[in-house]
Amino acid sequence: MSFSLPALPYPADALEPHVSAETFGFHHGKHHKAYVDKLNAAIAGSGYEGRSLEDVILASHDAGDTAVFNNAAQAWNHTFLWHSMAPGGGGAPTGALADAINDRFGDLAGFREAFKAAAMGQFGSGWAWLVRTGDGLEIVSTGNADSPLTSGLAPILTLDVWEHAYYLDYQNKRDAYIDSFLDHLVNWEFAASNYEAARIAA
Ligand code: MN3
């Protein structure tokens, strides 16, 4: 049994003009697909076959199997990214997640500033994340394929800051891409469900 490329949770043009269908054609149809295909090739006939994607990420990280880890983590990160965005997204969180954001960052503007700083500050390729720690929220960035899962952190929300995520729509303007994500795309319902699941697990 092998991993398959999940469908986007919305049509490829649903996030226009903030993320174009052309970007999704490459980012989902080529990049994400390549991570899944390379992962399947790398684990064929190995002890990783038949395990969950999360298990493969953690086990390959522990074992130092870089090719398996990089493709497994990138497969997971991209699926999480698609769900971190939604048509008509942005706006403000509600409920327990909103309370936790206010506790940690003062207010939504404080969260926005800290998230943007992490996404801008990631040198080269990587990811910005809102994560649940043992007792609260934190913003972290990871390089290349790296995942908060290997640090025992529960992802709540992510943004891909590899150039392939934004170059067609924003060229070198990573700051404008991050602003679009925060203003128009964040899927706060997805974030709230991840926060609640992590709260129960903690
Ligand atoms: Mn990407």
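Basis of the calculations
Residues numbered from 1 in each chain as written. Predicted model: local features only at pLDDT ≥ 70, side-chain atom pairs only at ≥ 80, totals over all residues. Heavy atoms only, no water. Pairing = 2+ DSSP bridges. Helix = DSSP H or I, 4+ residues; strand = E, 2+ residues; numbered from the N terminus. Axes fitted to C-alpha atoms, helices over the stretch in contact; angles between N-to-C directions. Expected span 1.5 Å × (residues − 1). Buried < 20%, exposed > 50% of the residue type's maximum accessible area, 1.4 Å probe, protein only. Arc of directions from axis to C-beta. Contact = heavy atoms within 4.5 Å. Polar contact = N/O pair within 3.5 Å; in protein donor to acceptor, adjacent residues only side chain to side chain. Core = buried A, V, L, I, M, F, W, Y, C linked by side-chain atoms within 4.5 Å. Domains from an automatic or database assignment. Donors = N, O, S within 2.8 Å, 3.2 Å for Na, K, Ca; no water. Salt bridge = Lys/Arg side-chain N within 4 Å of Asp/Glu carboxyl O. Buried area = accessible area lost by both parts, 1.4 Å probe. Nonpolar A, V, L, I, M, F, W, Y, C, P; charged D, E, K, R; others polar.

## Considerations on the sheet that holds strand 2 (residues 137–143)
Remark on secondary structure: sheet strands pair via backbone hydrogen bonds, oriented parallel or antiparallel. Reading across from one edge, 2-1-3 is the order of the three strands in this open sheet, with antiparallel pairing throughout. Looking at the sheet topology across the chains shown, the edges are occupied by strand 2 and strand 3 (154–160). Recorded for the sheet is a direction-independent mean angle of 25 degrees between the axes of neighbouring strands. As paired elements, strand 1 (residues 126–132) and strand 2 share seven bridges and run antiparallel to each other.

## So, helix 5 (residues 108–121)
An ideal rise of 1.5 Å per residue puts 20 Å on 14 residues; helix 5 measures up with 20 Å between its terminal C-alpha atoms. Within helix 5 the residues assigned to the buried category are Gly110, Phe111, Phe115, Ala118 and Ala119. Viewed end-on, helix 5 has its buried residues packed into an arc of 160 degrees, placing them on one side of the element. Projecting away from the buried face of helix 5 at angles above 90 degrees are the exposed residues Ala109, Glu113 and Gly121. Elements that come into contact with the buried residues of helix 5 comprise helix 4 (95–105), strand 1, strand 2, strand 3, helix 7 (174–185) and helix 8 (188–201). Capping of helix 5 at its N-terminal end is provided by Asp107; its side-chain oxygen lies 3.2 Å from the backbone amide nitrogen of Ala109.

## Overview of the nonpolar core
Counting residues in each nonpolar core, the largest one holds 58 residues, and the members touching the most others are Met85, Phe111, Leu137 and Phe181. Per-element accounting of this core gives the leading share, nine residues, to helix 3 (residues 66–84). Here this core spans two domains, since at least three of its residues come from each of domain 1 (21–84) and domain 2 (95–201).

## A look at helix 3
Taking 1.5 Å as the rise per residue, helix 3 with 19 residues should run 27 Å; its terminal C-alpha atoms sit 26 Å apart, in good agreement. Within helix 3, 14 of the 19 residues are buried, leaving the element largely enclosed by the surrounding structure.

## Some details on the coordination of the manganese ion
In this structure, His27 (NE2), His78 (NE2), Asp160 (OD) and His164 (NE2) serve as the protein donors to the manganese ion, at separations of 1.9 to 2.1 Å. Each donor residue of the manganese ion lies on the same chain, and together they follow the pattern H-x50-H-x81-D-x3-H. With His27 in helix 1 (residues 21–43) and His78 in helix 3, the pair connects residues that are 51 residues apart, well separated along the chain.

## Some details on the pattern of salt bridges
Tallied over the entire structure, the rule returns five salt bridges. Here Lys33 and Asp37 are joined by a salt bridge, their closest N and O atoms 2.7 Å apart. Remark: Asp37 and Lys33 occur in helix 1; sequence separation between them is four residues, near one turn of the helix. The class for Lys33 is partly exposed, based on a relative accessible area of 38%.

## Observations concerning the environment of Gly152
As for its position among the elements, Gly152 is in the loop between strand 2 and strand 3. A sequence separation of 94 residues divides Gly152 from Leu58, and the C-alpha atoms of the two residues are 9.8 Å apart.

## Some remarks on the environment of Val186
Residue placement: Val186 occurs in the loop between helix 7 and helix 8. Residue Val186 is classed as buried on the basis of its relative accessible area of 2%. Considered as a pair, Val186 and Thr158 are 28 residues apart in the sequence and their alpha carbons are 9.1 Å apart. Not counting residues up to four positions away in its chain, the partners in contact with Val186 are Ser84, Gly89, Gly90, Leu157 and Phe181.

## Quick word on the domain arrangement of the protein chain
Here the protein chain is described as being made up of domain 1 (21–84) and domain 2 (95–201). Of the residues lining the interface, 20 residues belong to domain 1; the matching set on domain 2 comes to 25 residues. For the domain 1 face of the interface with domain 2, the top three residues by lost area are Thr23, Phe80 and Ser84, together amounting to 30%. Counting every contact that joins domain 1 to domain 2 gives zero salt bridges. On the surface where domain 1 and domain 2 come into contact, there are 10 residue pairs in polar contact (both at pLDDT 80 or more). Mapped by element, the contributors of at least two residues to the side of domain 1 that touches domain 2 are helix 1, helix 2 (53–63) and helix 3. The dominant element in the side of domain 1 that touches domain 2, judged by the number of residues it contributes, is helix 3, at 11 residues. Taken together, the residues that form the side of domain 1 that touches domain 2 break down as nine nonpolar, 10 polar and one charged.

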